[in-house]
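Architecture at a glance
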Amino acid sequence: MHEFLREPRIGHFSMAAAAPAHLNPDTMERAMKEKDPVCGMLVEPTEAAGQRTLDGKTFYFCSPACVAKFDKAPQRYAPAAPPPPGGTG
Ligand SMILES: [Zn+2]
């Protein structure tokens, strides 16, 4: 009698470990951005190229060029009085 015990070979189960990292759609953090009074773009205070304080208000600038322009005429870019309401866009 020739009996061959053949154990069933169990192949390695390569489970597809495709587990992509959870991409958070809400990665956009609401960073406090200040408006560059010279060019009008939003600037992060931490990334600002410069800053000036006028009348107790701090202004941030995107580039040294904007700082220079502001220094030449601060009141021009930082009006003390708020603009009148009901402005026509
Ligand atoms: Zn600017």
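See the structure above.
The paragraphs below set out a description of the structure included in this document. What you see as residue numbers is a count from 1 along each chain, following the sequence as written. Per-residue local features are limited, in this predicted model, to residues with pLDDT of at least 70; the limit for side-chain atom pairs, both in listing and counting, is 80 or more; totals at the level of whole chains, interfaces and linings are taken over all residues.

**Some remarks on the overall build of the chain**
The test is simple: Numbering of helices and strands runs from the N terminus, with a helix taken as a DSSP run of H or I at least four residues long and a strand as a DSSP run of E at least two residues long. Residues are scored as being in contact if the C-beta atoms we place from backbone atoms lie within 7 Å.
When helices and strands are counted, the chain shows two helices and four strands. Of the contacts made within the chain by residues no fewer than 6 positions apart, 28% connect residues no fewer than 24 positions apart.

**So, the pairing of strand β3 (residues 50-54)**
The criterion, for reference: Note on pairing: two strands pair once DSSP finds at least 2 bridges between them.
Here β3 runs beside strand β4 (residues 57-61); their pairing, made up of five bridges, is antiparallel. Considered in β4, the bridge of Q51 is made with Y60. Joining the antiparallel neighbours β3 and β4 is a turn of two residues, in which D55 adopts a positive phi near 55°.

**Here we look at unusual backbone geometry**
Cut-off, in case you're wondering: Put simply, a residue is buried when 20 or more other C-beta atoms lie within 10 Å of its own C-beta and exposed when 12 or fewer do; between those, it is partly exposed, and each C-beta is set from the backbone.
Phi is positive for D55, which is not a glycine, with a value near 55°. Mapped onto the elements of the fold, D55 is located in the loop between β3 and β4. Overall, D55 belongs to the exposed group, with 9 C-beta atoms counted inside 10 Å.

**Considering helix α1 (residues 64-72)**
Rules: In this context, the arc is that of the directions from the helix axis out to the C-beta atoms.
Among the residues making up α1, those that are buried are C66, V67 and F70. End-on view of α1: buried residues confined to an arc of 105°, all on one side of the axis. Facing away from the buried side of α1, by more than 90 degrees, are the exposed residues P64, A68, D71 and K72.

**Describing the environment of V67**
Positionally, V67 belongs in helix α1. Along the chain, V67 and P37 lie 30 residues apart, while their C-alpha atoms are 9.6 Å from each other. When sequence neighbours within four positions are dropped, the list of residues in contact with V67 reads A49, G50, R52 and F61.

**Here we look at the environment of C39**
Structurally, the position occupied by C39 is in the loop between β1 (34-35) and β2 (42-43). For the pair formed by C39 and F61, sequence separation is 22 residues and the distance between their alpha carbons is 8.5 Å.

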